[in-house]
Amino acid sequence: MPVSKPVSEGSRLRAGVATVAGGPAAYLSVGSGGVPVLLLHGFGGDRLTWQFNLSALSSRRRAVAVDLPGHGGSTPDVGSGRVSDFAPWLVEFLDALELARVHVIGHSMGGYVGRELALLAPDRVASLTLLASAGLGTPFDLGFLRRAIAPADVEEGRACAARLFAGPSPLIPRFGEVLYAQGADPVRRAGLERIIDVSFAAHADGGGPPVDWSAYPMPIQVLWGRADGIIPLPPADRLPPGAPFRVFDTAGHLPHIEAASPVTAAIRAFLDGCDDAPSQS
Amino acid sequence: MDRKDFLLALDEMLELDPGTLTGDEALESLEAWDSLAVISFIALVDEKTGVVVEGEKLAKAKTVADLLALAGAPVAA
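Since the structure is predicted, the reported quantities are computational estimates derived from the model, not experimental observations. (Residues numbered from 1 in each chain as written. Chains lettered and ligands numbered in written order. Predicted model: local features only at pLDDT ≥ 70, side-chain atom pairs only at ≥ 80, totals over all residues.)

### Considering the overall build of chain B
If you tally the helices and strands in chain B, you get 4 helices and 0 strands. Put simply, chain B runs from its N terminus to its C terminus through helices and strands in the order α-α-α-α. Taking 77 residues into account, the globule formula puts the C-alpha radius of gyration at 11 Å, and chain B, at 11 Å, falls close to it. Overall size of chain B, expressed as C-alpha extent along the three principal axes, is 25 × 25 × 20 Å. Across the 77 residues that make up chain B, the buried fraction comes to 34%. In chain B, 52% of the contacts between residues at least 6 apart in sequence involve partners at least 24 apart. (Helix = DSSP H or I, 4+ residues; strand = E, 2+ residues; numbered from the N terminus. Rg over C-alpha atoms; globule rule 2.2 N^0.38 Å. Buried ≥ 20, exposed ≤ 12 C-beta atoms within 10 Å, placed from the backbone. Contact = placed C-beta atoms within 7 Å.)

### Focus: the overall build of chain A
Looking only at helices and strands, chain A has 8 helices and 9 strands in total. Over its C-alpha trace chain A gives a radius of gyration of 17 Å, about what one expects of a compact globule, namely 19 Å for 281 residues. Principal axes of the C-alpha set define a box for chain A whose edges measure 50 × 45 × 35 Å. Relative to its 281 residues, chain A shows a buried fraction of 49%. For chain A, restricting intrachain contacts to residue pairs at least 6 apart in sequence, the fraction spanning at least 24 positions comes to 67%.

### Topic: helix α4 (residues 64–71) of chain B
Each turn of an α-helix holds 3.6 residues, which means side chains three or four residues apart point in the same direction. Residue and element names in this part refer to chain B. For α4, the complete set of buried residues consists of Val64, Leu67, Leu68 and Ala71. An end-on view of α4 places all buried positions within 100° of arc, on one side of the element. On its buried side, α4 packs onto α1 (3–13) and α2 (35–49). With its phi angle positive at about 85°, Gly72 sits one or two positions after the end of α4. (Arc of directions from axis to C-beta.)

### As for the environment of Ile220(A)
Residues and elements named next belong to chain A. Mapping Ile220 onto the fold places it in strand β8 (residues 220–225). Taking the C-alpha atoms as reference points, Ile220 and Cys274, 54 residues apart in sequence, are found 9.8 Å from one another. In this structure, Ile220 is in contact with Leu128, Leu130, Pro240 and Ala243, ignoring residues within four places of it in sequence.

### Things to note about the interface of chain A and chain B
Interface extent is often summarised as the accessible area lost during association of the parts. With 20 residues of chain A at the interface, the matching set in chain B holds 20 residues. Listing elements by their share of the side of chain A that touches chain B, those giving two or more residues are β3 (25–30) and α8 (260–276) of chain A. Class assignment for the residues of the side of chain A that touches chain B results in 12 nonpolar, 6 polar and 2 charged. (Nonpolar A, V, L, I, M, F, W, Y, C, P; charged D, E, K, R; others polar.)

### Focus on unusual backbone geometry
For Glu98(A), which is not glycine, the phi dihedral falls at a positive 55°. Assignment of secondary structure puts Glu98(A) in the loop between α1 (86–96) and β6 (102–107). The phi dihedral of Glu15(B) is positive, around 55°, even though this residue is not glycine. By secondary structure assignment, the location of Glu15(B) is in the loop between α1 and α2.

### Thoughts on the nonpolar core
Counting residues in each nonpolar core, the largest one holds 104 residues, and the members touching the most others are Leu39(A), Phe93(A), Val104(A) and Leu10(B). Sort the elements by how many residues they give to this core and α2(B) lands first, with 8 residues. The residues touching Leu10(B), leaving out its near neighbours within four places in the chain, are Leu21(B), Val64(B) and Leu67(B). (Core = buried A, V, L, I, M, F, W, Y, C linked by C-beta atoms within 7 Å.)

### Topic: the pairing of strand β5 (residues 63–66) of chain A
Residues and elements named next belong to chain A. Along β5, one buried face is formed by Ala63 and Ala65 and the opposite face, lined by Val64 and Val66, is buried too. As paired strands, β3 and β5 are joined by 4 bridges and run antiparallel to one another. Across the sheet, residue Val30 finds its bridge partner in β5, namely Ala63. (Pairing = 2+ DSSP bridges.)

### Notes on helix α4 (residues 154–164) of chain A
Residues and elements named next belong to chain A. Within α4 the residues assigned to the buried category are Gly157, Cys160, Ala161 and Leu164. Buried residues along α4 cover an arc of 100° about the axis, so they all sit on one side. Residues of α4 that are buried sit in contact with α3 (142–148) and α5 (172–183).

### Description of the environment of Phe41(B)
Summarising the element assignment, Phe41(B) is placed in helix α2. Taking the C-alpha atoms as reference, Phe41(B) lies 8.6 Å from Leu67(B); in sequence the two are 26 residues apart.

### Re the confidence of the model for chain B
All names here are of chain B. The pLDDT averaged across chain B works out to 89; a share of 95% of its residues lies at or above 70. Within chain B, α4 carries the highest mean pLDDT (93), whereas α2 carries the lowest (89). Predicted complex metrics record ipTM = 0.85 and pTM = 0.94. (pLDDT = per-residue confidence, 0-100.)

### So, the packing of α1(A) against helix α2 (residues 109–120) of chain A
Residue and element names in this part refer to chain A. Interhelical geometry of α1 versus α2 gives an angle of 70° and a closest axis separation of 8 Å. Overall, the two elements α1 and α2 adopt an arrangement that is roughly perpendicular. Relative to α2, the crossing made by α1 is right-handed. Contacts between α1 and α2 involve Phe86, Ala87, Pro88, Leu90 and Val91 from the first element and Val113, Glu116, Leu117 and Leu120 from the second. Partitioned by chemical class, the residues of the contact of α1 with α2 number 8 nonpolar, no polar and 1 charged. (Axes fitted to C-alpha atoms, helices over the stretch in contact; angles between N-to-C directions. Parallel < 35°, antiparallel > 145°, perpendicular 65-115°, else oblique. Left-handed = near helix turned anticlockwise from the far one by under 90°.)

Okay, structure coming up:
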């Protein structure tokens, strides 16, 4: 079992690093029991992107936020740069934490990775919540991704941060400073550039084949910010048929931050509903 | 949990000496007030009071006193 410890004396919040074959996995964990929920951040982000959601999602279950390869405190090795390769790494991570079955929440790139995990190990994924998800075959702003991983200065970092939000936010200056500071790490930057080149660049204009949603046996819901300037709202024919689709008017590409309370409430209700459904028990 | 207890809990959470925080401090002046501290704070308030602090409101907090108000602790001494 990996060693985790409270981030401060007596805290419910624990931080740990799991040793898995594909490279160490840094994570945060709150709460216990239930069908746990696994939170997957987006490109260039980390487990802290869930700062406003993690505790609230732990009321009926353990909530675990992990840094994907090339991000945060996890292995800097992104392998070939194919983000689909993160799925077997996540299976190893679930094994290391002895998590037999989890609800998966994936934001942006994390949504794509979550879908890959669901395809690879459908018996391990109780449900999928896709939040402003990549990989639905719609266009996205590739140039923004290249700028955001290495802003030329703090000002450009702030401009990148502002593009993530629907409107003014007290969080933008700090996010911008973090983007700029992270851009100074050459190892991180190289890994993220490889991901862009290998996994994203060929798909930025959209037009890819629609997702074969029949391959996903678990319940799915889709959440989006109406003012998302990075991955705009997908058309209905790109969405899983019959799945709940919630749009948050006051949010951009980070609805879990900008509309934290309603997004968290939507996730909680969906997960609780999945847990309580007769077919899931 | 009263104001004093919350301040002591925040001291401990931010790895400050007990009694350091008084409520007047600007959050941006506290080096340890970062995203991890935000998660810890929400978990702390949830554990002590059963209230889940809303992220949107927490994002607007500027001082330790603002945190106390979000936690439901009396703001005045």
